[in-house]
Amino acid sequence: MIISRLETNWKELCMQTVLIADDEENIREGIKLIIDWDELGFEIAGTASNGEEALSSIKKLNPSLVVMDMQMPKIHGIDVIKKARAEGYDGYFIILSGYSDFSYAQDAIRNRVTNYITKPIDEDELYDTVKKIKDEIDKNAKEGRRSGQIRNKAKSVVTSELLLGTYFEKDEAENVTLTEDRREELESMKLLSPLYQVVIHETSGDYKLPDLLPTFLDENSFELLNVSGYDCILLKGKAAVSRFEDFILHYEKSPIETDSPLDNIFIAIGKAVDSPVKIEDSYESAKSLADRRFFCDEAEHFVRAENESFVNNQCRDKNGTSHLDSEKSTEEDNLAAAKAALKEEQRRITDKIMDAIIAGNRTAMINSTEELYDYIKDNISGNSDACLYVTEILLGIKDRLSKQYPMLADIFDTHAGIIEFIEGRFYLYEIMQYMVETLEKALGKLHEHAGSENIIDDIISYTDRNYAQPLTLEDLASRFGYNSGYLGRLFTRTTGTGYNYYLNECRIAKAKEFLAEGKYKVYEVAQLVGYNDVDYFGKKFRKHAGMTPAEFRRQKKETN
C-alpha cells in the first residue's frame, strides 16, 4: 500500500496539465477522447468555448499545454496567445485550424508557436505532437534550467543591463559616466575589465560553443547570458579577447568540415570596447550581424563587426532604401503598396514553379526557386517574414498540386510538418534546399509514367489558369515538349474537341462570371479573358452562349 501511494504521488508530481479550447462542443469532447492523455502524462485541467474563457482559464490554471482553435469567438486565437505571452504565460500551444491560409502564422511564430494541426484532426499527428512537447518539458526539468537562472539572478541581471545599456544613469545631455559606486559594484561581481567584447552565438545541433570556452579561457574571463533571445558571451579582459580571436583565426585558416560539430555553430563577433559604458555598443554591433545570419550563405560560420556595412547593405533594396528605416518613416499607403508588391511576386513565382512542374521542366523549376531565393534576400529583412513567405508558397503549391494530382499528396509533409521544418532552420539556404528537394520529388512522380491523358490534363489545367494569355497550340507544344501537329490531334482525340474551341469555351465561361458581377464594361471583360478585339469577342460569345454579352448581362441583372 505504501509503495502504491508513493507511485501515485510520483505520477501526480510528473503529470502536466492541458486546456482544450474550441467553440464546438463535439470537437472539445473529441479531443478529450481521441488520444490517451493520461498515458502521455497530461491531465485535462479544463475546457473553453471562446477566446475570453480560454484567456481566463490560462491565467487561472496556468496549464502546461493549450490546444486551441484559431477561429475563436470573442477573442481570436492569435490574440489569446499574444495576451497570454504578455502576461507571462510560458507554456506550449498547439494551434488547430481548418484553413489552408496560414497568413496568421507570422504572429504565431513571433509568439513562439510552431505546433500546427489542421482539421479534421489526425489522431497520430496529435499524439506525436503532444508526446514531443511532453519530452521537451521533461528534458527542461532535468536540466534544471530555472534553478540555474535563480542562482545567478543578481549577476545575470547586471550583465544583461550592461548589454542593453540600462545599467548606467544618463545626464540631461544623454551622457553616461562610470561613477565610483557603479565601479565598485562591477568590481565586486568581477565584471570590471579594461577590455570587453560581446559575441552572439547560435547552434542548430546539440553541440554548444560554451562547452568549448573552458578549454582556452579562464572561467572568470567570460559571462554567459541570454539577452532578448540572443545567446551571448561577454568576454572580459585583453587576454580573453585575444584568445578568442586566436580560436576564430584557427578555424578560418582551417575550414570547418561538414561532419564537424562546429559546422552547426554560427558566431557574430561585436567590436571590442575599452569601457563598461560601451558594452552596449559591442552588443548592438554583434546583434546587427546576428540578425542577418539567417541570410548568410552556406559554410559561413563567423561574421565580424568590421563586416557590418555588408549587413546594412543586405537590408537595402535595389534603390538604396533601407527597409528598416522605411518601416519607420513611410506612410500607410506606401506600406500597403510594398505588401501588395510582395504578394504579387509571391503569386507570380508560385505560378512559374507550378508551370515548370506540370511541364516537367526541372531546369525552369530550379531557376524559379533560385529567383525566389534572391528576391527574398533583396526584399525581406526579417527572418520570420522570410519563413512565412516561403511557407505560404510551398503550402500553396502543395494544395494546388495535391488537388489537381491526388497521387502527389504523399510527396509532401503535412502542413504542420512543413511549418515546423521551416521554422526550425537556421539558414534560408537550408529552407530552399528542402523546397527544391520536395518539388523535385513531385516533378519526378508526376512525370514518371506520363501518358497522353496526363499531358492533356496538364494542358487543360494550364489553359484554365492562363486563359487571359495569348495561348496557341504551337506555344503549348514547345512548353510541353511535343510536336504541335501531333499535340493537336492528341487533344482532339482525347477531349472530343479541338484546342482552339476549348480555349474559347474556357474564355467565354470566365467572361460570363465577370459579366454576372456587373462591375465591368463589355470591352473590359473582353480584355480580362484574353480578347483584344471586342467585336471578335462579341462574335465568339454569341456563338458559344447564344446571345450577345450585353444581353447576357441584362438577363442576369433581371434574374437577380
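The structure this text deals with has already been given above.
Residues numbered from 1 in each chain as written. Predicted model: local features only at pLDDT ≥ 70, side-chain atom pairs only at ≥ 80, totals over all residues. Heavy atoms only, no water.

## A short note on the overall build of the chain
- Within the chain, the regular secondary structure consists of 25 helices and ten strands.
- Sequence-distant contacts, at least 24 apart, represent 68% of the contacts inside the chain between residues at least 6 apart.
- Here the chain displays about 30,000 Å² of accessible surface, and carbon together with sulfur accounts for 46% of that area. (Helix = DSSP H or I, 4+ residues; strand = E, 2+ residues; numbered from the N terminus. Contact = heavy atoms within 4.5 Å. Areas by Shrake-Rupley, 256 points an atom, 1.4 Å probe, with all protein chains shown as cover.)

## What about the packing of aromatic side chains?
- Tallying each qualifying case throughout the model produces 19 aromatic pairs.
- With a centroid separation of 4.9 Å and an interplanar angle of 15°, the aromatic rings of Phe-216 and Phe-247 are classed as stacked. Here Phe-216, found in the loop between strand S6 (196-203) and strand S7 (222-227), pairs with Phe-247, found in helix H10 (residues 238-253); they are 31 residues apart in sequence, far enough to count as distant.
- Each ring, one from Phe-491 and one from Tyr-499, has its centre 5.4 Å from the other, and the planes form 85°; the classification is edge-to-face. In terms of burial, Phe-491 and Tyr-499 fall into one category: buried.
- Members of the aromatic cluster, each reached through a chain of ring pairs, are Tyr-531, Tyr-536, Phe-537, Phe-541 and Phe-552. (Phe/Tyr/Trp six-rings, centres within 6.5 Å; stacked < 30°, edge-to-face > 60°. Buried < 20%, exposed > 50% of the residue type's maximum accessible area, 1.4 Å probe, protein only.)

## Details of the nonpolar core
- Judged by nonpolar contacts, the single largest core of 103 residues is most densely connected at Met-68 and Met-435.
- Here this core takes eleven residues from helix H18 (residues 428-447), the largest share from any one element.
- Excluding anything up to four places from it in sequence, Met-68 contacts Ala-21, Ala-54, Gly-77, Val-80, Ile-81, Phe-93, Ile-94, Ile-95 and Leu-96.
- Within the second largest apolar cluster, 19 residues are counted, among which are Leu-213, Phe-222, Val-241 and Ile-269. (Core = buried A, V, L, I, M, F, W, Y, C linked by side-chain atoms within 4.5 Å.)

## Some thoughts on unusual backbone geometry
- In this model, Asn-62 sits at a positive phi of 45°, which is unusual for a non-glycine residue.
- Here Asn-62 lies in the loop between helix H3 (51-61) and strand S3 (65-69).
- The backbone phi angle of Lys-74 is positive, close to 75°, even though this residue is not glycine.
- With respect to the element layout, Lys-74 can be found in the loop between S3 and helix H4 (77-86).
- Here Lys-74 falls in the exposed class, since its relative accessible area comes to 64%.

## Focus: helix H17 (residues 415-423)
- Regarding H17, the residues found buried are His-415, Ala-416, Ile-418, Ile-419, Ile-422 and Glu-423. Projected onto a plane normal to the axis of H17, the buried residues spread over an arc of 165° and lie on a single side. (Arc of directions from axis to C-beta.)

## Considerations on the environment of Ser-381
- By the element assignment, Ser-381 lies in the loop between helix H15 (362-379) and helix H16 (383-404).
- Relative accessible area serves as the criterion here: at 17%, Ser-381 is assigned to the buried category.

## Focus on the pattern of salt bridges
- Applying the stated rule across the entire model yields 23 salt bridges.
- Lys-155 is the salt-bridge partner of Glu-223, the closest N and O atoms lying 2.9 Å from each other. Of this pair, Glu-223 sits in strand S7 while Lys-155 sits in helix H8 (residues 153-164), placing them 68 residues apart in sequence.
- The class for Glu-223 is buried, based on a relative accessible area of 13%.
- Assessed through its relative accessible area of 28%, Lys-155 is described here as partly exposed.
- Arg-348 is the partner of Glu-345 in a salt bridge, and the nearest nitrogen-oxygen pair spans 2.6 Å. With a gap of three residues between them, Glu-345 and Arg-348 both fall in helix H14 (residues 332-359), about one helical turn apart.
- For Arg-348, a relative accessible area of 29% corresponds to the partly exposed category.
- Several salt bridges converge on common partners, so that one network encompasses Glu-344, Arg-347, Asp-351 and Arg-400. (Salt bridge = Lys/Arg side-chain N within 4 Å of Asp/Glu carboxyl O.)

## Thoughts on the packing of H14 against H15
- For the pair H14 and H15, interaxial distance at closest approach is 8 Å and the crossing angle is 165°. As summarised for this structure, H14 and H15 are arranged roughly antiparallel, according to the angle between their axes. Between H14 and H15 the crossing geometry is left-handed. Along its contact with H14, which presents Ala-341, Leu-342, Glu-345, Arg-348, Ile-349, Lys-352, Ile-353, Ala-356 and Ile-357, the element H15 presents Ala-364, Met-365, Ser-368, Thr-369, Glu-371, Leu-372, Tyr-375 and Asn-379.
- Residue classes in the contact of H14 with H15 are distributed as ten nonpolar, three polar and four charged. (Axes fitted to C-alpha atoms, helices over the stretch in contact; angles between N-to-C directions. Parallel < 35°, antiparallel > 145°, perpendicular 65-115°, else oblique. Left-handed = near helix turned anticlockwise from the far one by under 90°. Nonpolar A, V, L, I, M, F, W, Y, C, P; charged D, E, K, R; others polar.)

## Points about the sheet that holds strand S4 (residues 92-97)
- Across the sheet, five strands lie side by side as S2-S1-S3-S4-S5; this open sheet has parallel pairing. Whereas interior strands pair on both sides, the edge strands pair on one side only; in this sheet they are strand S2 (42-48) and strand S5 (116-118). In this sheet, neighbouring strand axes are inclined to one another by 20° on average, regardless of whether the strands run parallel or antiparallel. (Pairing = 2+ DSSP bridges.)

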